[in-house]
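These are the residues of each chain, in order.
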Amino acid sequence: SSLGLKFPHPTESKELRARTETSIAAMMMGGGGQTYVLNRNTKREQGRKAQLTNIQAGKTVASIVRTTLGPRAMLKMLLDPMGGIVMTNDGNAILREVDVTHPAAKNMIELSRAQDEEVGDGTTSVIILAGEFLGVAEPLLEKKLHPTLIVAGYMQALEDALEIMKQIAVPIDSNNPEAVREVVRGAIDTKFVSRYGNLISDLAIKATKMVCITKPDGKKEIDLKRYAKVEKLSGGELSDCVVLDGVMFNKDITHPRMRRMIKNPRVVLLDCPLEYKKGESQTNVEITKEADWEKLLQQEEDEMKKVCEDIIKVKPDLVITEKGVSDLAQHFLLKANISVIRRIRKTDNNRIARVTGASICNRTEELTEASVGSRCGLFQIKKIGDEYFTFMTECEDPKACTVILRGASRDVLNEMERNLQDAFCVARNIILEPRMLPGGGASEMELAARLKEKAKSIAGTRQFAYKAIADALEVIPRSLAHNCGADVVRVMTDLRARHATEGGVNMGIDGNKGTVADVKALGIMDTFAVKQQTLRTSIEAAAMLLRIDDIISGISQKKRGGGGGGGAQPGEDETFGDARDG
């Protein structure tokens, strides 16, 4: 044509169309050219690259907490967004404060939280192991092993490892305080409080035993979160830490003339205000005669008097309410020689109910002799520092308690509380499942040795993955040796040799000296529940991350600060994960 446009030949046009279609398909796959299927800002990593970034993320998270394992562990100092500082070596506390953006790293951090909620100990080990399990999969992926094969090998190794654990577990008598104390010591010796000897472990065991209830079907229930309250008071000596045989709370009586010390008080717990009920909404009353106003006031007073008489009828010495108490009610109760404490927290009220045997009443008319608690031996109010605290102690068979921690500074107290929580959980695990495994890396080495032996009988490529788990388990003793400055290679070789022979089950690392020792003789034992949970969580998490072959993260333009072509479409700002969880 005269314009110099060349029209393709009909047969040519077919080829051209086919070519164009293939290139569009290629663009859709590779993101080149003009055809966009996904939003332009979407980052997408596929196949090998996605797996390798996940592995890298897992290893990075593990490297944060690796030095906090063992008795010679380092502390981490974290600055939170508010400018406060946290000093700790508790895996969960560290990772809770760390802000990460990578989805795989988030998943890892979730592990330590789950571990903390489930068994309370082993939060560091779970992350280190998961990171290591991901790390050993890297060479397998390089060898072009399919991820599902690796995962199958991992799962088989997990089943066998749990079986082996059951075989080497040692039962323990949970009624023998010495045995229990050894285990709790083993768990918190790696923490900051280990220098105070048996102090924390004894507190934890006593508190756990106190709140343990045996249900009618023989099961034990231990609710430490609700019934063992930890009160931190700065100042005082460390040796002043105690578990009260009752409860303590930061409140004072409402009127200075009430009694501050009562032996064997009769306690009434209320959940209703002892003041005149105000109207729900704003109420206007028009009064024409002065006498009516007098009547109104009188009515309020009579109402209050009736409420107080209901209380006085059951002859209590102490009334505790979660709501307010009016001056008038105080006056009536004071005349009857009753001490009153008001505006107490609901959780504290529940604990008082457990120790005194009282039941919480919602209306004063319902008060009966049965709802009065009389199991408390002593009610007194003491001044500690510049605040008043109410103590209700000397209770008979209390099922709730308060643990008082005294220490120099707030940071020390916070760290002590975190360690105490770990000790609580360990004590709870022993009472619920009284089985033990050798600590100090001994169980891990034994598992590694036995799994390596077993790997020889596994056919096919799964054997590689199976063996990789066995190698990865050695990371725990290796980190222990590394953290106390031992000669890692020598110690590890020695350990391997000991575990290859019969009777070397209890050979582990003495974390203080960095030498190979019989951990059972040293009293370094771990609870079965913790080890089982650690292994299960870490292998399953690693398996899950390895099966990811595509990471798509979309950021809509709005989230980017409104940049880019005139506002995003309404459908576009639904993004995956990070942005939405914000």
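Residues numbered from 1 in each chain as written. Predicted model: local features only at pLDDT ≥ 70, side-chain atom pairs only at ≥ 80, totals over all residues. Heavy atoms only, no water.

K.L.:
How would you explain helix α11 (residues 327-335) if you had to name every residue and give the values?
P.N.:
Of the positions making up α11, those classed as buried are Ala329, Gln330, Phe332, Leu333 and Leu334. Looking at the packing, one finds that the buried side of α11 touches α10 (290-313) and β13 (339-341). Note on α11: the residue one or two positions beyond its end, asparagine 337, has a positive phi of about 60°. (Buried < 20%, exposed > 50% of the residue type's maximum accessible area, 1.4 Å probe, protein only. Helix = DSSP H or I, 4+ residues; strand = E, 2+ residues; numbered from the N terminus. Contact = heavy atoms within 4.5 Å.)

K.L.:
Give a detailed account of the environment of methionine 416, specifying residues and quantitative values.
P.N.:
Inspection of the secondary structure puts methionine 416 in helix α13 (residues 410-432). With a relative accessible area of 0%, methionine 416 lands in the buried category. In this structure the C-alpha to C-alpha distance between methionine 416 and leucine 405, which are 11 residues apart in sequence, comes to 8.0 Å.

K.L.:
Requested: an account of the pairing of strand β11 (residues 267-270), with residues and values cited.
P.N.:
Of the two faces of β11, the one lined by Val267 and Leu269 and the one lined by Val268 and Leu270 are each fully buried. Note that β11 and strand β12 (residues 318-321) share four bridges and pair parallel. When the sheet's bridge partners are listed, valine 267 is paired in β12 with leucine 318. Here β11 pairs with strand β14 (residues 360-361) via two bridges, running parallel. Across the sheet, the residue bridging to leucine 270 is cysteine 361, located in β14. (Pairing = 2+ DSSP bridges.)

K.L.:
So what's going on with helix α2 (residues 47-65)? Residues and values would help.
P.N.:
Taking 1.5 Å as the rise per residue, α2 with 19 residues should run 27 Å; its terminal C-alpha atoms sit 29 Å apart, in good agreement. Taken residue by residue, α2 has Ala50, Gln51, Asn54, Ile55, Ala57, Gly58, Val61, Ala62 and Val65 as its buried positions. Down the axis of α2, the smallest arc covering the buried residues is 160°, so these residues share one side. (Expected span 1.5 Å × (residues − 1). Arc of directions from axis to C-beta.)

K.L.:
I'd like a rundown of the packing of α2 against helix α5 (residues 123-142), residues and numbers included.
P.N.:
Their axes nearest at 8 Å, the elements α2 and α5 cross at an angle of 150°. Of the two possible hands of crossing, α2 and α5 adopt the one that is left-handed. Counting all contacts with α2, which are made through Arg48, Gln51, Leu52, Asn54, Ile55, Gly58, Lys59, Val61, Ala62 and Val65, the residues of α5 involved are Thr124, Ile127, Ile128, Gly131, Leu134, Gly135, Glu138, Leu141 and Glu142. Split by residue class, the contact of α2 with α5 holds nine nonpolar, six polar and four charged. (Axes fitted to C-alpha atoms, helices over the stretch in contact; angles between N-to-C directions. Left-handed = near helix turned anticlockwise from the far one by under 90°. Nonpolar A, V, L, I, M, F, W, Y, C, P; charged D, E, K, R; others polar.)

K.L.:
How would you sum up the nonpolar core? Please name residues and give values.
P.N.:
Leu274, Ile320, Met392 and Leu405 are the most contacted members of the largest nonpolar core, which totals 75 residues. The residues contacting leucine 274, other than those within four sequence positions of it, are Met304, Val307, Ile311, Val319, Gly324, Val325, Ser326, Ala329, Leu333 and Thr364. Listed in part, the 73 residues of the second largest apolar core include Ile128, Leu140, Ile168 and Ala470. (Core = buried A, V, L, I, M, F, W, Y, C linked by side-chain atoms within 4.5 Å.)

K.L.:
Now, about the packing of aromatic side chains: what can you tell me, with residues and values included?
P.N.:
One pass over the full model with this rule turns up one aromatic pair. Residue placement shows arginine 260 over the ring face of tyrosine 388; its charged tip is 4.9 Å from the ring centre. (Phe/Tyr/Trp six-rings, centres within 6.5 Å; stacked < 30°, edge-to-face > 60°. Lys NZ or Arg CZ within 6 Å of the ring centre and 35° of its normal.)

K.L.:
Describe in detail the pattern of salt bridges, supporting the description with residues and values.
P.N.:
Enumeration according to the criterion identifies 24 salt bridges in this entry. Arginine 259 is the salt-bridge partner of aspartate 317, the closest N and O atoms lying 3.2 Å from each other. Placement of aspartate 317 in the loop between α10 and β12 and of arginine 259 in the loop between β9 (247-249) and β10 (261-263) is noted, with a sequence separation of 58 residues between them. The buried category is assigned to aspartate 317, whose relative accessible area is 17%. Its relative accessible area of 28% is what places arginine 259 among the partly exposed residues. The salt bridge partner of lysine 313 is aspartate 310, with a shortest N-O separation of 3.6 Å. Linking lysine 313 with aspartate 310, this pair stays in helix α10, spanning three residues, or about one helical turn. Given a relative accessible area of 61%, lysine 313 falls into the exposed group. One connected set of salt bridges, linked through shared partners, spans Asp271, Glu322, Lys323 and Lys346. (Salt bridge = Lys/Arg side-chain N within 4 Å of Asp/Glu carboxyl O.)

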